[in-house]
Amino acid sequence: MRRRCHFTCISLQMEEFLGPQAEYNEEEEERKYYRRKRLGVIKNVLAASFGAMIVYSVYMGLLQMQLILHYDMTYREVKYSNLGLEDIDRKMLMGINVTPIISLLYTPVLIRFLGTKWMMFLASGIYALFVSTNYWERYYTLVPSAAAIGVAIVPFWASLGNYITRMAQQYYEYVNYREEHVQEQKKLPKGACHRYIIVFQSVFSSIFNLSFVFAEFPMRFVLNGHLNTNKHILHSVKTCGANITGLIPGFNTTILERLPRSMLLIEVESILMGFAFLAMIIFLLLCGAAYRPTEEIDLRSIGWGNIFQLPFKHLRDYRLRLLCPFFIYSGFETMFAVTGFSLSYGVCVLGLDKLWLLIVVYGLSCSVFSSLSLSLLYFPRWVCLVAGAAVHVTLIVVLLALPLRPNNPEMLGPLLVISALWGLGSALNKTGVSTVLGLLYAEEKERLDFVYAIYHWWQAIAIFIVYLWSNLPMRAKLSILLATLLVACYCYWLMERRLLKKVSFRLPRIPRPRHKVKGYRYLEEDNSDESGSENSDGEEEDGKGDGAEELDREGGGGDQHAASGDSSPAAARRAAEVHHRRRDNVQAKEGESEERPGG
C-alpha cells in the first residue's frame, strides 16, 4: 500500500512537471525575449562606437607624435643618424593616402567574404599592427604597415556605416516583432526604421568624435614638455593664415628643446598598443553579428563577379551621383580642420604648444553638436546638411579675410571660437551625410555595403587630393573648399527636387542567391532563405522608381527564424505551424495522386 502511494505521488509530480505550467505566460516570455534582443542591439551600437573611437584615438595620436618627432632635425640625427626618417614619413603618408584609391574594387568583396563584424575586427587589427611597428622604426616596418592601413580604411568605414544602419533595422524588427511583415521576413515598409537610424547615427558620431580629444593626450602630456619656446620655433615665420603658401613657411626645423627619453616613448607606445588590443577585443566580444547566418550565406552566394560589379552599377542611381560632391567635401573639411586650419592658422599664430588645445576644442564641438542631428526626428532630412554648409561658408569667408601675424597669443580666443564653430559644421555635415544615406537606403539590407563603400571611397579620394595640395596657397585651398561646398549644396537640392517630383531612379537588381550546397533544410527550393531580388538569372536589370527596389522575399519567410537560430517562443511556434501545414499539403497531394489512377 505504501509502495502504491509512493508510486502515485511520483506520477503526480511527473505530470505536474511535464504538463502545461499554469504560471507560464507565453506572451510575457516573448516580450522579455525581444526586450533582451533590443538591449543587445543597443550594446552592439555602443561597442562599435567605442571601438572605432579607441582605434582612431590611438592611430591619430601616434601618427601626430611620430610626425612631430621625425620633423625635428636633432631627433633624426641623434636617434637614427642617416636613416632618412623624413623620406620614410613621406612614403608612409603616401601609402596611407594613395592605397584607398583602388579600395572600391575590393571593399564589397572583403565585407561579403568576411562579414561586417569580422571586417571591423580585422581592420582594427591592422591599426594595431601599425602601432606595433613603431617599436622598430625602419622603412620595411613603417611603410608596409601604413600601406596596410590604406587598404583597410575604406572597408573599415564601410563596415561601420553598414553595421550602424543594420542595427537600426534590427531594432525596428525587435520592437515590432508581432507585425506580419517582420514575422515573414519581408521587406520593411518605407520609412519604418528611419527614427532608429537617426538616433543610432547620432550616438555613433557623438562617441566617435571624442577620438580627436583622446588623440591629443600624447601631445599634451608627453611632447609639450619637450618643446622649444614659440619665439625660437616661429623665428623665421613672416605671415600666417590666408596669405601663406604651403603649411607654415619658415617653420624652424629644431622644435624640441630636449629629446624625450627612449623608455618614455616605449612606455607611451605600449599604452597605445594596449588600447589598440582593447579595441580589437571590443569588436570581437561585444559586437554581435549584423546579419543572420543564412542571410550572410545569401549575401555571398550571388556570385563574386556580381559583388565586384554592383558598386559601379549603383553609381547610376542619381541619388548617389548627386550626393558625391558632399562625400568629397566631407573628406576635404575634416582634413582641413586637422591640418590646414590647425597648422596654418593655429600653430602659426599661437605656437606649437597650443596645437592640442585647438584639436581638443574641435573634437569636443563635433561630439557635442552631433546630437543636433536628432532634430531630423521632427524636421526634413536636409536640415543638417544645409545648416552645416551655412556655418562652413561663413567660416571660409572669415578665414579668407582674417588678418593674422605670427606668434600672436591675443588671437587665442577668436581661433578657439572658429575651431568650435568648424566642429559644429563638421558634426552637422558628417552626421547628416551618413544619416541621409541611411534614410535613402533604409529598407535595403543587401545594398548597404555597396552604398557605404561608395561614400567612403569618395571621402578617401578627397583626402588624397588634400595630401596632394599641401603646397598650394591657402587662398586656393579655401577657394576649392568653398566651390566644392556650393556645388554639393546645389546637387543636393537637385536630388531632393527630383525625389519630390518622384523622378524614377535606376537601381541594379541584386541576383537571386545560387546555393551550390545541397541537402540542408534551409537551402531547399521550397524552404529557402533567399534574400535576393527577382532576377534569378544573375543578370542586371534596371528598375524604375520604387518598383526597382522591390525584392522577392515571399519564399520561405516562415522558417527563417528557425533556420537562423532565432529561439524565441513565437518563432518556434510559427516554425512548427508552417512545418505541419506543409506536411499536410504534401500528404493531401499524395492522396490525390493515389486516387487518380483508380478514378
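Everything quoted here is computed from the prediction, not taken from an experiment.

Asker: So what exactly am I meant to see when it comes to the environment of lysine 445 here?
Answerer: Inspection of the secondary structure assignment puts lysine 445 in the loop between helix H19 (412-440) and helix H20 (448-468). Between the C-alpha atom of lysine 445 and that of threonine 165, which follows or precedes it by 280 residues, the distance is 9.0 Å. Side chain to side chain, lysine 445 and glutamate 295 meet in a polar contact 3.3 Å long.

Asker: I keep staring at the packing of helix H17 (residues 355-369) against H19 and nothing clicks. Help me out?
Answerer: Helix-helix packing is described using two parameters, namely the angle between the two axes and the distance between the axes. Interaxial distance between H17 and H19 falls to 7 Å at its minimum, and their mutual angle equals 35 degrees. For the element pair H17 and H19, the recorded crossing hand is right-handed. Where H17 approaches H19, its residues Leu357, Leu358, Val361, Tyr362, Ser365, Cys366 and Phe369 are matched on the opposing element by Leu412, Leu415, Leu416, Ser419, Ala420, Trp422, Gly423, Leu424, Ser426, Ala427 and Leu428. Taken together, the residues that form the contact of H17 with H19 break down as 14 nonpolar, 4 polar and no charged.

Asker: Whenever I open this one, the state of the cysteines confuses me. Can you help?
Answerer: Counted by the stated rule, this structure contains 1 disulfide. A sulfur-sulfur distance of 1.8 Å marks the disulfide that ties cysteine 240 to cysteine 348. Classification of the bridge connecting cysteine 240 and cysteine 348 rests on its S-S torsion, roughly -80 degrees, and on that basis the disulfide is left-handed. Of this pair, cysteine 240 sits in the loop between helix H12 (230-233) and helix H13 (262-286) while cysteine 348 sits in helix H16 (residues 318-350), and the two are 108 residues apart along the sequence. The thiol of cysteine 324 is unpaired, and the distance to the nearest cysteine sulfur, on cysteine 491, comes to 9.1 Å.

Asker: Where do I start with a nonpolar patch on the surface in this structure?
Answerer: A contiguous nonpolar surface patch, about 670 Å² in accessible area, is contributed by Tyr135, Trp136, Tyr139, Tyr140, Met263 and Ile266. Among the elements of the structure, helix H7 (139-175) and H13 are those that each provide at least two residues to the nonpolar patch. According to the relative accessible area criterion, tryptophan 136 is partly exposed, its value standing at 48%.

Asker: Please clarify how empty space enclosed by the protein should be interpreted in this entry.
Answerer: By the definition in use, this model includes 7 cavities of 30 Å³ or more. Each pocket or cavity is described by its volume, and for the largest cavity that value is around 70 Å³. In terms of lining residues, the largest cavity is bounded by Ile111, Arg112, Gly115, Thr116, Asn162, Tyr291, Glu296, Leu299, Arg300 and Asp449. Listed by contribution, the elements that provide at least two residues to the lining of the largest cavity are helix H5 (107-114) and helix H14 (293-300).

Asker: Is there a simple way to think about the nonpolar core in this case?
Answerer: Proteins that are soluble and globular tend to have nonpolar side chains buried together. Formed by 163 residues in total, the largest nonpolar core has its most connected members in Tyr56, Phe156, Leu160, Tyr345, Leu415, Trp422 and Leu437. Setting aside residues no more than four positions away along its own chain, phenylalanine 156 makes contact with Ala52, Tyr56, Met120, Ala123, Tyr127 and Phe283. Counting residues in hydrophobic clusters, the runner-up holds 5 residues, among them Ile307, Leu310, Phe450 and Ile510.

Cut-off values and rules
- Residues numbered from 1 in each chain as written.
- Predicted model: local features only at pLDDT ≥ 70, side-chain atom pairs only at ≥ 80, totals over all residues.
- Heavy atoms only, no water.
- Helix = DSSP H or I, 4+ residues; strand = E, 2+ residues; numbered from the N terminus.
- Polar contact = N/O pair within 3.5 Å; in protein donor to acceptor, adjacent residues only side chain to side chain.
- Axes fitted to C-alpha atoms, helices over the stretch in contact; angles between N-to-C directions.
- Left-handed = near helix turned anticlockwise from the far one by under 90°.
- Contact = heavy atoms within 4.5 Å.
- Nonpolar A, V, L, I, M, F, W, Y, C, P; charged D, E, K, R; others polar.
- Disulfide = S-S within 2.5 Å.
- Patch = residues over 30% accessible without salt bridge, like charges linked within 9 Å, V, L, I, M, F, W, Y side chains within 5 Å.
- Areas by Shrake-Rupley, 256 points an atom, 1.4 Å probe, with all protein chains shown as cover.
- Salt bridge = Lys/Arg side-chain N within 4 Å of Asp/Glu carboxyl O.
- Buried < 20%, exposed > 50% of the residue type's maximum accessible area, 1.4 Å probe, protein only.
- 1 Å grid on protein atoms, 1.4 Å probe; cavity = no way out; pocket = protein on both sides within 12 Å on 5 of 7 lines; lining within 4 Å.
- Points joined across faces, edges and corners; volume = space filled by probe spheres on them.
- Core = buried A, V, L, I, M, F, W, Y, C linked by side-chain atoms within 4.5 Å.

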